[in-house]
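What follows is the residue order along each chain.
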Amino acid sequence: MQYQKVHESSYGQMPGQQQYGQQPYAPPPGAPYAAPPYPPQGAPNPYTQPQQQPYYGGQQQQYYAQPQQAGYGQQPQPTYSTQDYPPPPAPPTDSADGKFPKQSKYKDLWAAIFFLVTLAGFIVTAYFGIKSINLSSGNTNGSNPNNGSGNNGGGFTVPPPKDIGGILATSVGAGFVLSFVYFMMMQRFAGTLIKVTFILSILMTFGLAIAFFALRQYAAAILWLIFALLYTWCYFGWRSRIPFAKIMLKTVTAITAKYPATIVVGVIGLLIQAAFSALWIATLAGILQYFDSNNSSNGVRYVTVVFLLFTFYWVTQVIMNTIHVTVSGVFATYYFLGVRDPSGTVTVATRNPTAGSAKRAMTTSFGSICFGSLIIALIQTVRALLRMAANQNNDNLALAFCAACADCLLSFIEGLVQYFNKYAFTQVAIYGKDFKTAASDTWTLVKTRGIDAIINDSLISNVLSIGGLLIGLITGFIGYLYVHFSKDITQDTGHYIIIVLISFFIGFSEFSILSDVIDSGAATTFVCLAEDPEALRRTKPELYEAIRQVYPQVAFPGHV
């Protein structure tokens, strides 16, 4: 029997659908996978009842029974053992198998208390800092900083209010429209975008290598050339995984469209982060002026600056991870509790999954979020101190070199921990686990499905990163056009660069909200699929079958 190709506009609705009880079979030439090596040697068939083998604790492992074979064109009618879940004639309850517990204790409460104490200390520091700000201290050119005279010797002249509003309106509007268009393209042309963005990433990497060669920066050029060659090798090695990434991207974007409140959560997180960053900058500037006016000792300055750096990194991580846990909870709710009815509509037996997920993230799971974020914040603070040490000891080459090497090593460790935390927080969102338990379970997942997760993330992240860069560039070009056609903005290089950068940042930030939601959704869906594929088979069998045909490993959780 041969594979039937997945239709572009649906998730596995195809004629001649394979029976769920049959083994995965070899696709025709040119299909994503050759003869799948599944089940692995010695692995049980999850759809047959093998001889009962005792395992730890003296109990026996239960498997799903072999379903009855239906005729051609008929839906199979699986037979269930006493340990099976019944077919889904009605939506499941609001909590299943320990997922999304309504009554849960506060996890890692010590971390939440420590975070609140740290935040209170920052508020006190901000009070003294903001109170000490002297806005006129740097203005020695009269009461009007611009002196009402155009460019004023090459400096930047603030545009009139109507032009400031026009730049913001056009940049925000263009970023919104472009993000919406790109989102629709991800839904309709997921496979094509994955291939095109991967190739563009390779070309950009080769371009950077050529640019460094032209600048005679041979060490950087060789490094980027190696990256480009490795990336090219990855493309040819990962092409068989593109169909799976395509289904994942189409599924995640469809769920995002169904729950637009996830994007609203991202917008709220961005606004809170922007407000906190502005407050932190004002606090740092004011507290330094306060130390200057009071002749404070260097020790007090150093401790305060370290505390402010640590607070900035920790609060930033907590904000980002709270959004991630909230969004992950929504996607997990759809996966486990959403049931597809005969008309094709998926209904979830939860009134407002976004509000419920946000409530868990900010109450019972908040301590776990603070705990995981604390690890990253500590690494980032140490890296900042190493960079400060390297800059202050330029004359001591040995010390500067050691600080740079340590910073490079910590940068690598930070990236690994960030990636690990993304999946650990998904466990927190689904099960309400404390962070240590979530990290332990995530490590088990990494050992069994880590390579698959990395490949899938890489393919989807290419689509998101290239999309953000493209939207930022187009928005920046719109800012350039605004300056070019404006009669009240000084048209010189400085004004063009500043306004183009502002427009680029606005467009890129708008798309980053959407890309963060999709990234969280992709990670959550992969974790759910790796841990409990049967839930998808029970609730959304056509999507399960589409995934199984391009990713046979899904039928054998726990095996690579």
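Residues numbered from 1 in each chain as written. Predicted model: local features only at pLDDT ≥ 70, side-chain atom pairs only at ≥ 80, totals over all residues. Heavy atoms only, no water.

(A) Seen up close, the overall build of the protein. Looking only at helices and strands, the protein features 14 helices and two strands. Counting over 560 residues, the protein shows a buried share of 45%. The contacts of the protein with a sequence gap of at least 6 include a subset with a gap of at least 24, amounting to 76%. Of the roughly 28,600 Å² of accessible surface on the protein, a fraction of 67% belongs to carbon and sulfur atoms. (Helix = DSSP H or I, 4+ residues; strand = E, 2+ residues; numbered from the N terminus. Buried < 20%, exposed > 50% of the residue type's maximum accessible area, 1.4 Å probe, protein only. Contact = heavy atoms within 4.5 Å. Areas by Shrake-Rupley, 256 points an atom, 1.4 Å probe, with all protein chains shown as cover.)

(B) Summary view of the pattern of salt bridges. What the rule picks out here adds up to 10 salt bridges. Across the pair Lys-422 and Asp-457 runs a salt bridge, and its minimum N-O distance is 3.3 Å. Taken together, the positions of Lys-422 in helix α10 (residues 397-431) and Asp-457 in helix α11 (residues 435-485) put the pair 35 residues apart, joining distant regions of the chain. Take Asp-457: its relative accessible area is 7%, and that puts it in the buried class. (Salt bridge = Lys/Arg side-chain N within 4 Å of Asp/Glu carboxyl O.)

(C) Highlighting the side chain of Ser-512. Tracing the backbone shows Ser-512 in helix α12 (residues 493-531). Within the structure, the side chain of Ser-512 is placed 2.6 Å from the backbone oxygen of Ser-509, a separation counted as a polar contact. (Polar contact = N/O pair within 3.5 Å; in protein donor to acceptor, adjacent residues only side chain to side chain.)

(D) Region of interest: the nonpolar core. Grouped together as the largest cluster of nonpolar side chains are 60 residues, with contacts concentrated most on Met-186, Phe-244, Leu-249, Phe-336, Leu-459, Ile-518 and Ile-547. The biggest single contributor to this core is α12, with 11 residues. Apart from residues no more than four positions distant in its own chain, Met-186 is found in contact with Leu-193, Leu-249, Lys-250, Thr-253, Val-463, Leu-464, Leu-514 and Ile-518. Counting residues in each nonpolar core, the second largest holds 32 residues, with Phe-291, Leu-308, Leu-309 and Ala-377 among its members. (Core = buried A, V, L, I, M, F, W, Y, C linked by side-chain atoms within 4.5 Å.)

(E) Highlighting the packing of aromatic side chains. Scanning the model with the defined rule gives 28 aromatic pairs in all. Pairing Tyr-182 with Phe-511 gives two aromatic rings, centres 5.4 Å apart and planes at 85 degrees, and the pair type is edge-to-face. Taken together, the positions of Tyr-182 in helix α2 (residues 161-188) and Phe-511 in helix α12 put the pair 329 residues apart, joining distant regions of the chain. The class of Tyr-182 is buried, set by a relative accessible area of 6%. With 6.2 Å between their ring centres and 75 degrees between their planes, Phe-198 and Trp-238 make a pair best called edge-to-face. With a gap of 40 residues between them, Phe-198 in helix α3 (residues 190-214) and Trp-238 in helix α4 (residues 218-238) connect regions that are remote in the sequence. Using a relative accessible area of 1% as the deciding quantity, one classes Phe-198 as buried. Every member of this aromatic cluster is reached through a ring pair, and the members are Phe-114, Phe-115, Phe-310, Trp-314 and Phe-366. We note Lys-540 situated over the ring of Tyr-334; from NZ or CZ to the ring centre the distance is 5.0 Å. (Phe/Tyr/Trp six-rings, centres within 6.5 Å; stacked < 30°, edge-to-face > 60°. Lys NZ or Arg CZ within 6 Å of the ring centre and 35° of its normal.)

(F) Looking closely at the packing of α3 against α11. Two elements in contact, α3 and α11, have axes separated by 8 Å at closest approach and are oriented at 70 degrees. Taken together, the axes of α3 and α11 are roughly perpendicular relative to one another. Across the interface between the two elements, Leu-193, Ile-194, Thr-197, Phe-198, Leu-200, Ser-201 and Met-204 from α3 touch Leu-459, Asn-462, Val-463, Ile-466 and Leu-469 from α11. Per-class residue counts for the contact of α3 with α11 are nine nonpolar, three polar and no charged. (Axes fitted to C-alpha atoms, helices over the stretch in contact; angles between N-to-C directions. Parallel < 35°, antiparallel > 145°, perpendicular 65-115°, else oblique. Nonpolar A, V, L, I, M, F, W, Y, C, P; charged D, E, K, R; others polar.)

(G) Geometry of α11. With 51 residues, α11 should reach 75 Å at 1.5 Å per residue; the first-to-last C-alpha distance of 54 Å falls well below that figure. Considering bend angle alone, the principal kink of α11 is centred on Arg-449 and spans about 85 degrees. (Expected span 1.5 Å × (residues − 1). Bend = angle between axes of the 7 residues up to and from the residue.)

(H) Representation of the side chain of Glu-414. Position of Glu-414 among the secondary structure elements: in helix α10. Ignoring any residue separated from it by four or fewer positions in sequence, one finds Glu-414 in contact with Ile-376, Ile-379, Gln-380 and Arg-383.

(I) Summary view of the environment of Ser-293. Summarising the element assignment, Ser-293 is placed in helix α6 (residues 261-294). Counting along the chain gives 161 residues from Ser-293 to Ser-132, while the straight-line C-alpha distance between them is 9.0 Å. In terms of polar contacts, Ser-293 uses its side chain to reach the backbone carbonyl oxygen of Tyr-290, at 2.9 Å.

(J) The packing of helix α5 (residues 242-258) against α12, seen in detail. In contact at an axis separation of 9 Å, α5 and α12 are set at 120 degrees when each is read in the N-to-C sense. For the crossing formed where α5 meets α12, the hand is right-handed. Across the interface between the two elements, Phe-244, Met-248, Leu-249, Val-252, Thr-253 and Thr-256 from α5 touch Leu-514, Val-517, Ile-518, Gly-521, Ala-522, Thr-525, Phe-526 and Leu-529 from α12. Residues belonging to the contact of α5 with α12 are distributed by class as follows: 10 nonpolar, four polar and no charged. (Left-handed = near helix turned anticlockwise from the far one by under 90°.)

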